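Spelled out from the first residue to the last, the chains are:
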Amino acid sequence: MAQDGNYIFTLDPGVERRHVSYTNRYGIALAADLYLPRDLDEGALSPVILVGSPYGAVKEQAAGVYANELTRRGFIAMAFDPSYNGYSGGCPRHVSSTDIFVEDFHAGIDYLGTRPFVDRERIGVVGVCASGAFALTAAQVDPRIKALVNVSMIDISANYLPLYTDAQARRAALADLAEQRYLDFG
């Protein structure tokens with residue numbers, strides 16, 4: 001579970017932050033911060049936005065900044081630590097799994113959509129940097145996501161295209177990487 005004091009930003013006075021947790025379908029406990037307007041009528045249905053972090057980042061950084069700002073503007077928002085990172089579970093730590101990171105978005109929607117004050121027909125997602133790809137992948141197959149915004153300065157995949165001028169060069173590079181795994185393992 002998250003702790004106070006690790007944030008890179010100041011919580012807006014009109015915003016309340018609640019530490020929450022839930023489990024994804026891989027059985028990994030996810031830590032998240034739910035941001036609510038202090039004047040929220042929890043008896044009424046409200047729109048909500050799930051915010052994903054940049055690759056390697058945690059909810060106390062960019063995702064929290066976005067969630068705080070969105071809530072300041074009247075939305076409910078939630079920032080979460082991806083599996084294997086921050087206060088979320090998963091071992092070994094700092095593993096990178098696109099399948100699991102996409103599932104983390106689905107699990108966040110599961111959690112939010114079961115809150116009594118969330119309007120299930122007004123659930124949106126913001127993917128910051130690399131989580132934009134995970135959010136986009138989740139939105140392609142999850143009709144509960146009604147709106148999607150990606151905040152990304154670079155197309156990471158496109159950076160690697162010039163490395164492989166032809167199929168043979170790509171196969172050679174992949175063979176070198178595979179051999180390096182044996183060396184690293186040894």
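Please read these numbers as outputs of a predicted model, since none were measured by experiment.

Draft legend 1. Up close: the sheet that holds strand β3 (residues 46-52). Strand order in the open sheet formed by 6 strands is β1-β2-β4-β3-β5-β6, with mixed pairing between adjacent strands. One side of each edge strand has no neighbouring strand; the edge strands of this open sheet are β1 (15-23) and β6 (147-151). Between one strand and the next, the sheet's axes are offset by a mean angle of 25°, whatever the strand orientation. Inspection of the sheet shows β3 paired to strand β4 (residues 76-80) by 4 bridges, in the parallel sense. From the neighbouring strand, V48 faces β4, where its bridge partner is I76. Sheet strands touched by helix α1 (residues 62-72): β1, β2 (29-37), β3, β4, β5 (118-128) and β6. Its angle to β4, the strand with the most contacts, is close to 175°.

Draft legend 2. Up close: the pairing of β3. Extensive coverage of β3 is indicated by the burial of 7 of its 7 residues. Going residue by residue along β3, you find S46, V48, L50 and G52 tucked away on one face and P47, I49 and V51 tucked away on the opposite face as well. Relative to β5, β3 runs parallel, the two sharing 6 bridges. Within β5, the residue paired with V51 across the bridge is V126. Handedness of the β-α-β unit built from β3, α1 and β4 comes out right-handed.

Conventions and cut-offs
Residues numbered from 1 in each chain as written. Predicted model: local features only at pLDDT ≥ 70, side-chain atom pairs only at ≥ 80, totals over all residues. Heavy atoms only, no water. Pairing = 2+ DSSP bridges. Helix = DSSP H or I, 4+ residues; strand = E, 2+ residues; numbered from the N terminus. Axes fitted to C-alpha atoms, helices over the stretch in contact; angles between N-to-C directions. Contact = heavy atoms within 4.5 Å. Buried < 20%, exposed > 50% of the residue type's maximum accessible area, 1.4 Å probe, protein only. Right-handed = clockwise from strand over helix to strand, strands pointing away.

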